[in-house]
Amino acid sequence: MPEIKVTPLGAGQDVGRSCILVSIGGKNIMLDCGMHMGYNDDRRFPDFSYITQNGRLTEFLDCVIISHFHLDHCGALPYMSEMVGYDGPIYMTHPTKAICPILLEDFRKITVDKKGETNFFTSQMIKDCMKKVVPLNLHQTVQVDDELEIKAYYAGHVLGAAMVQIKVGSESVVYTGDYNMTPDRHLGAAWIDKCRPDVLISESTYATTIRDSKRCRERDFLKKVHETVERGGKVLIPVFALGRAQELCILLETFWERMNLKAPIYFSTGLTEKANHYYKLFITWTNQKIRKTFVQRNMFEFKHIKAFDRSYADNPGPMVVFATPGMLHAGQSLQIFKKWAGNEKNMVIMPGYCVQGTVGHKVLSGQKKLEMEGRTTLEVKLQVEYMSFSAHADAKGIMQLIRMAEPRNVLLVHGEAKKMEFLKDKIEQEFSVSCFMPANGETATIPTNPSVPVDISLSLLKREAALGGPLPDPKRPRTMHATLIMKDSSLRLVCPEQALKELGLNEHQLRFTCRVQLQDPHSDPDTLNRIYSHLKSVLKGYTVQHLPDGTVMVESIVLKVSSSAEEPNTKVVLLSWSYQDEDLGSFLSSLLRKGLPP
């Protein structure tokens, strides 16, 4: 039985370090290659020794596909390709290819230059890794090799995010990466056609959440920011450079304009300027509204939002600051948080998901005293708000995607075990498909029933139609006698005469024989006469003949009677038929076993 194997090396019942191995039709594909925000040790990267204990990964992998540029999906890429060793193709969309190296370099700077870590990838390794990248266009089918093909679909979530369909022969897998089923202020909603894959591998970050209307959340967010600024407080919004940041900037920009507010809004520099540059460059990936208004006014050139300098953090008076990264685990957002945490007038708004182990996660779970590096304790007095502006699909969105793609099986990754369990039951109940949720290092084996396409000859179809009978019903299978020819990996159904002619073979007649014992006191010719009369009365629609050579024929079936001198009352009826009359032959043998009427 053919099967597809899926093994998460990361993101199995966990969020972070997405890395999923798929074996399909003899091909091995790595989906994403991310790092974990919650760890600073070996657990930061996926365990590639699962693939091979020693040596490079090139001969074990046919290709690597990166769904989008977030570090929990691409952060381990240079480590995997340059330090462990992989020379094969790495596929990602154009925006991901442009933005990925910038985020990787920023991540390297924070880890190596600021924290002084060794055994980490270098700037050169990032460049060498990116040389192996093959860019993908949406809806374009790419042949990786003779058998393996991939195709990207729009995923929303962040600029350039894509879902990928992987096909080998008639087997297929769709990997969603991270996706969003509701359009937002700068991106459209994820979309896929009814491709009916054998397995849909879906993220499940918000497996049990059904988010309220976006309008309410936006109103709530603006109200909280406004109130804090009015009472002279400072608002910190930790974000990742691309994605939610642009979303919330557009929201605050329009609100400041409408309310004529004067408090400054800042954005931590560097990364974001580049980010906005890429949004302008890849404007086709944004939503309809932005593309329309782009001619008159660039949505991403902000009047009220200025570049941030770290000295501004100590300025008196209210301000709003967007700072990276989004989980408060390092960088500028953490520096500002340390400065502002002691004042109850201030506020931190967490707009996205926080992985366990990060400062963001600790603050959200209500910790008032945080242990920082160097054994210092930080008292948290500022107000903490969580508002999900996350660009992940919620439970409703995940169900919607399943309805769209109509997969035969679903496999959940990138979520928490308890929440996944709940969603798994819901999916199995609603769609009657099997749902899997393997942990890291665990393999889910999914059997597939590949359909094999067969060409059918016109002469055969004409012959079947000429045989009469009811017109074929497309919903009910119909038996057809034909010969299957396999040539150059293509299959054809032809009539037996054509097959013999093509292959230069002689026809052989295959006949089945069967003996039935009867107790009958009459002579052999009389017994045969009685059989003939009995069959004539039972088989009304068939041709039954009594031939001069002492046999009875029903269609192609021949019946003969014989008895032995020792037991003249025990007759042996010999039946013989060709394979076309298999059903009728079986029927006659069981009819005669019941004996003849008196």
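Residues numbered from 1 in each chain as written. Predicted model: local features only at pLDDT ≥ 70, side-chain atom pairs only at ≥ 80, totals over all residues. Heavy atoms only, no water.

### Here's the deal with the sheet that holds strand 4 (residues 63-65)
Sheet architecture is open: seven strands sit in the order 6-5-4-3-2-1-22, paired in mixed fashion. Among the strands making up the open sheet, the edge pair consists of strand 6 (133-136) and strand 22 (444-447). Going across the sheet, the axis of each strand differs from the next one's by a mean of 25°, ignoring polarity. Sheet analysis places strand 3 (residues 27-31) next to strand 4, joined by three bridges and oriented parallel. Bridging across to strand 4, I29 finds its partner in C63. Lying over the sheet, helix 2 (residues 77-85) contacts strand 3, strand 4 and strand 5 (90-93), oriented at roughly 155° with respect to strand 5. (Pairing = 2+ DSSP bridges. Helix = DSSP H or I, 4+ residues; strand = E, 2+ residues; numbered from the N terminus. Axes fitted to C-alpha atoms, helices over the stretch in contact; angles between N-to-C directions. Contact = heavy atoms within 4.5 Å.)

### With respect to the side chain of T228
Along the polypeptide, T228 turns up in helix 5 (residues 214-230). With residues up to four places along the chain from it excluded, the contact list for T228 reads G233, K234, V235, K345, N346 and M347.

### What to know about the packing of helix 15 (residues 524-538) against helix 16 (residues 582-593)
With their axes 12 Å apart at the nearest point, helix 15 and helix 16 run at an angle of 120° to one another. As the angle between them shows, helix 15 and helix 16 are arranged oblique. The element helix 15 and its partner helix 16 pack so that their crossing is right-handed. The segment helix 15 lies against helix 16, with I531, H534, L535 and V538 engaging F587, L588, L591 and L592. Grouping the constituent residues of the contact of helix 15 with helix 16 by class yields seven nonpolar, one polar and no charged. (Parallel < 35°, antiparallel > 145°, perpendicular 65-115°, else oblique. Left-handed = near helix turned anticlockwise from the far one by under 90°. Nonpolar A, V, L, I, M, F, W, Y, C, P; charged D, E, K, R; others polar.)

### So, the pairing of strand 27 (residues 544-547)
Where strand 27 and strand 28 (residues 551-554) come together, four bridges link them in antiparallel fashion. Looking across to strand 28, one finds that Q545 is bridged to M553. Where strand 27 hands over to strand 28, the hairpin turn is made up of three residues, of which G550 adopts a positive phi near 80°.

### A word on the sheet that holds strand 24 (residues 483-487)
The mixed open sheet is built from three strands, whose spatial order is 23-25-24. A strand with exactly one partner marks an edge of an open sheet, and here the two such strands are strand 23 (455-456) and strand 24. Bridge analysis of strand 24 against strand 25 (residues 490-494) gives five bridges, and the strand direction is antiparallel. Directly across from T483, in strand 25, lies its bridge partner V494. Across the sheet, helix 14 (residues 496-503) lies against strand 24 and strand 25, angled at about 125° from strand 25, the strand it touches most.

### Observations concerning the packing of aromatic side chains
Counting across every chain of the model gives 16 aromatic pairs. With centroids separated by 4.7 Å and ring planes inclined at 25°, the aromatic side chains of F45 and Y79 adopt a geometry described as stacked. Placement of F45 in the loop between strand 3 and strand 4 and of Y79 in helix 2 is noted, with a sequence separation of 34 residues between them. Assessed through its relative accessible area of 10%, F45 is described here as buried. With relative accessibility at 23%, the residue Y79 sits in the partly exposed group. Centroid distance F267 to F322: 5.3 Å. Interplanar angle 15°. Geometry classified as stacked. Of this pair, F267 sits in strand 13 (residues 265-268) while F322 sits in strand 15 (residues 319-323), placing them 55 residues apart in sequence. Since its relative accessible area comes to 0%, F322 is described here as buried. One aromatic cluster in this structure is built from F45, F48, Y79, F107, F120 and F121. Between R44 and the ring centre of F45, over which it is positioned, the NZ or CZ distance is 5.9 Å. (Phe/Tyr/Trp six-rings, centres within 6.5 Å; stacked < 30°, edge-to-face > 60°. Buried < 20%, exposed > 50% of the residue type's maximum accessible area, 1.4 Å probe, protein only. Lys NZ or Arg CZ within 6 Å of the ring centre and 35° of its normal.)

### Overview of unusual backbone geometry
Look at the link from T324 to P325: it is a cis peptide, with omega at -5°. As for its position among the elements, P325 is in the loop between strand 15 and helix 9 (331-340). We note that R17 has phi near 60°; this positive angle belongs to a residue other than glycine. Position of R17 among the secondary structure elements: in the loop between strand 1 (3-10) and strand 2 (19-24). In the Ramachandran plot, E406 falls in the positive-phi region, its phi being about 50° despite a non-glycine side chain.

### Brief notes about the pattern of salt bridges
By the definition in use, this model includes 26 salt bridges. The shortest N-O distance in the salt bridge between D220 and K224 comes to 3.5 Å. Linking D220 with K224, this pair stays in helix 5, spanning four residues, or about one helical turn. Under the relative-accessibility criterion, D220 is labelled partly exposed at 32%. Take K224: its relative accessible area is 19%, and that puts it in the buried class. Note that R492 is salt-bridged to E502, the shortest N-O span being 2.7 Å. You can see R492 sitting in strand 25 and its partner E502 sitting in helix 14, a full 10 residues away along the chain. What you see here is one network of salt bridges that share partners, running through R56, E82, D87 and K132. (Salt bridge = Lys/Arg side-chain N within 4 Å of Asp/Glu carboxyl O.)

### Points about the environment of T543
Of note, T543 is situated in the loop between helix 15 and strand 27. When the C-alpha atoms of T543 and V554 are compared, they prove to be 5.8 Å apart, with 11 residues separating the residues in sequence. Not counting the four nearest positions on each side in its chain, T543 is found in contact with M553, V554 and E555.

### Topic: the pairing of strand 9 (residues 162-168)
Most of strand 9 sits out of view: six of its seven residues are buried. Where strand 8 (residues 148-154) and strand 9 come together, seven bridges link them in antiparallel fashion. Bridge pairing links Y153 to M163 in strand 9. Taken together, the five bridges between strand 9 and strand 10 (residues 171-175) define a ladder with antiparallel strand orientation. When the sheet's bridge partners are listed, V168 is paired in strand 10 with E171. The antiparallel pairing of strand 9 with strand 10 creates a hairpin that spans two residues between the two strands, and G169 there sits at a positive phi of about 60°.

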